[in-house]
Amino acid sequence: MPTQLDNYLFDLRGYLILKNALSPTEVAEANQQIDAIPLIERNEWHGYVHREDHVDERGISFQQIYEAGKIFETLIDHPSWMEYVLHYIGGQDNFDSHHGPLFIDENFASIRGPGEAIFLHSGGHTGCKRTQFRYRNGGFHCGQINILIALTDIGPGDGATMVIPGSHKSNIEHPRLSGDTHLDETEISVDDVEAAEEVHLKAGDAILFVDAISHGSAKRINEGDRRILVYRYGPSWGSFRWGYTPSKDLLNRLTPNQRKLVHPQTYRNPPPEALKAAGIL
Ligand SMILES: O=C(O)CCC(=O)C(=O)O
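Reading guide: rules and limits
- Residue positions are given per chain, counting from 1 as you read along its sequence in written order.
- Where totals are concerned, whole chains, interfaces and linings use all residues; where local detail is concerned, this predicted model gives features only for residues with pLDDT of at least 70, and gives and counts side-chain atom pairs only at 80 or more.
- By convention in this description, side-chain values take in all heavy atoms of the structure and omit both hydrogens and water.
- Strand pairing follows a simple DSSP-based rule, namely that at least 2 bridges must link the two strands.
- Strands are runs of DSSP state E lasting at least 2 residues, helices are runs of H or I lasting at least 4, and numbering of each runs from the N terminus.
- Note on geometry: axes are C-alpha line fits, over the in-contact stretch for helices, and angles between N-to-C directions span 0 to 180 degrees.
- In these notes, a set of buried Ala, Val, Leu, Ile, Met, Phe, Trp, Tyr and Cys residues joined through side-chain atoms within 4.5 Å is what counts as a nonpolar core.
- The rule is simple: take the accessible area with a 1.4 Å probe, protein chains only, and divide by the maximum for that residue type; under 20% is buried, over 50% is exposed, in between is partly exposed.
- Should any heavy atoms of two residues lie within 4.5 Å, those residues are counted as being in contact.
- Definitions used for this entry: grid spacing 1 Å over protein atoms alone; cavity, a set of points where a 1.4 Å probe fits but cannot get out; pocket, an open set with protein on both sides within 12 Å along at least 5 of 7 lines; lining residue, one with an atom within 4 Å of a point.
- Grid points are joined across faces, edges and corners, and a volume is the space filled by probe spheres set on the points.
- Gly falls in the polar group here, along with every residue not listed as nonpolar (Ala, Val, Leu, Ile, Met, Phe, Trp, Tyr, Cys, Pro) or charged (Asp, Glu, Lys, Arg).
- Throughout, near means a residue has at least one heavy atom within 4 Å of the molecule or strand.
- The term polar contact refers here to a pair of N or O atoms within 3.5 Å; inside protein, the definition further demands a hydrogen-donor-capable atom paired with an acceptor-capable atom, and it admits residues adjacent in sequence only when both atoms are side-chain atoms.
- Using the Shrake-Rupley algorithm and a 1.4 Å probe, accessible areas are obtained, with residue cover drawn only from the displayed protein chains.
- Paired rings are identified among Phe, Tyr and Trp, the last through its six-membered ring, by centres lying within 6.5 Å, and are further divided according to the angle between planes into stacked (under 30 degrees), edge-to-face (over 60) and tilted (the rest).
- By definition, a salt bridge exists where a carboxyl oxygen of Asp or Glu is found within 4 Å of a side-chain nitrogen of Lys or Arg.

Caption draft 1: Representation of the sheet that holds strand β6 (residues 118-121). The strand order across the open sheet built from 4 strands is β6-β13-β10-β11, with neighbouring strands paired in antiparallel fashion. Only two strands of the sheet have a single partner each, and these edge strands are β6 and β11 (197-199). Each neighbouring strand pair of the sheet contributes to a mean axis angle of 30°, computed without reference to strand direction. As defined by bridge partners, β6 adjoins strand β13 (residues 215-217) across 2 bridges and the pair is classed as antiparallel. Note that in β13 the partner of histidine 121 across the bridge is histidine 215.

This is the structure we're talking about:
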């Protein structure tokens, strides 16, 4: 459960660090499963895992990673963060009895080598409903809470996640994120962006952040790869960011609680007799 200090810091900064969220065994298993994915081209599939088609500078992203092995299924409702995510999305009283309290609208593994990064994006100034930070009536009601898990140690030069603490509440866009002086995807470092900070993690640590915070990653300078996982949670009435559909195999394997987070709705259809009686069939 989040403590009062967690709540204070999350409200103030827009993110929290969850130390040792995964055990060394879980980290090793996740890395092995990622190694087992062949190096497919952009926009190709390996089973139900899709390699996202984005710019080269962003590295490799394997979307629908929860389809890639048991370890990724256990992350759907992992005890290291589930209570936190429920608390910061809030609103579960409205939906819990009908469908799930939350929905995962994107989940992926990201692998980045030297020279690769993702530009800083988002911020409170956008007012975007889906990613918003909201606190009302004594509770949090955020639109999207991300859990970003390090599968390798991420320190200086490793292409760490960058955040601008407090920017989930900002009214004004950071001048380096747009306009004449905006940074290009591969030029990013904290030295270029006043008030941005790198978040250094050990493998197994996670960052919990509201998507409204300005975030991205520094350019990796060091040799080797940086590996992370991202699971994005929102309210159960949300929909997939990229239109993926969880496979029937996955849904059959999941526990009832996990299934609610992956596919909250049970669809209602009229029985064939009703359609026949109405002359539709
Ligand atoms: O790759 C990172 O460290 C940041 C991830 C990110 O930008 C995102 O989750 O939108």
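Caption draft 2: Quick look at the nonpolar core. Counting 54 residues, the largest nonpolar core has Phe10, Phe72, Trp81, Leu229 and Tyr231 as its most contacted members. With 6 residues, helix α4 (residues 82-89) is the largest single contributor of residues to this core. Excluding residues that lie within four positions of it along the chain, tryptophan 81 makes contacts with Leu18, Ala21, Leu22, Leu75, Ile147, Ile149 and Tyr233. Tyr15, Leu148, Ala160 and Phe209 belong to the second largest nonpolar core, which has 14 residues in total.

Caption draft 3: Expanded view of the layout of surface pockets. A volume near 500 Å³ is recorded for the largest pocket. In terms of lining residues, the largest pocket is bounded by 29 residues, among which Phe108, Ile118, His121, Arg232 and Arg241 are the most central. It is strand β5 (residues 102-112) that contributes the most residues to the lining of the largest pocket, 5 residues altogether. In terms of residue class, the lining of the largest pocket is made up of 7 nonpolar, 12 polar and 10 charged.

Caption draft 4: Just the site of the ligand, in detail. The ligand sits among Arg112, Ile118, His121, Leu148, Thr161, Phe209, His215, Gly216, Ser217, Arg226, Ile228 and Arg232. The separation between an oxygen atom of the ligand and a polar side-chain atom of threonine 161 is 2.6 Å. Between an oxygen atom of the ligand and a side-chain N or O atom of arginine 226, the distance comes to 2.8 Å. Surface burial for the ligand is 96%, taken as the share of its 290 Å² of free accessible area covered by protein chains.

Caption draft 5: Looking closely at the packing of aromatic side chains. The tally for this structure, following the rule as stated, stands at 9 aromatic pairs. Ring centres 6.5 Å apart and planes at 55° place the aromatic pair tyrosine 84 and tyrosine 88 in the tilted group. Of this pair, tyrosine 84 and tyrosine 88 are both found in helix α4, 4 residues apart, which corresponds to roughly one turn of the helix. Of the two residues, tyrosine 84 and tyrosine 88, both sit in the buried class. Between tyrosine 135 and phenylalanine 140 the ring centres are 4.9 Å apart and the planes differ by 75°, which places this aromatic pair in the edge-to-face class. One aromatic cluster is present, built from ring pairs that chain together Phe10, Tyr84, Tyr88, Phe133, Tyr135 and Phe140.

Caption draft 6: Highlighting the pattern of salt bridges. Under the definition given, this model contains 11 salt bridges. Linking aspartate 105 and arginine 130 is a salt bridge whose minimum nitrogen-to-oxygen distance equals 2.5 Å. Within this pair, whereas aspartate 105 is found in strand β5, its partner arginine 130 is found in the loop between β6 and β7 (135-136), the two being separated by 25 residues in sequence. The partly exposed category is assigned to arginine 130, whose relative accessible area is 38%. Between glutamate 106 and arginine 241 there is a salt bridge, and its shortest N-O distance comes to 2.8 Å. Here arginine 241 lies in the loop between β14 (226-235) and α6 (248-253) and glutamate 106 lies in strand β5, a separation of 135 residues in the sequence. Take glutamate 106: its relative accessible area is 2%, and that puts it in the buried class.

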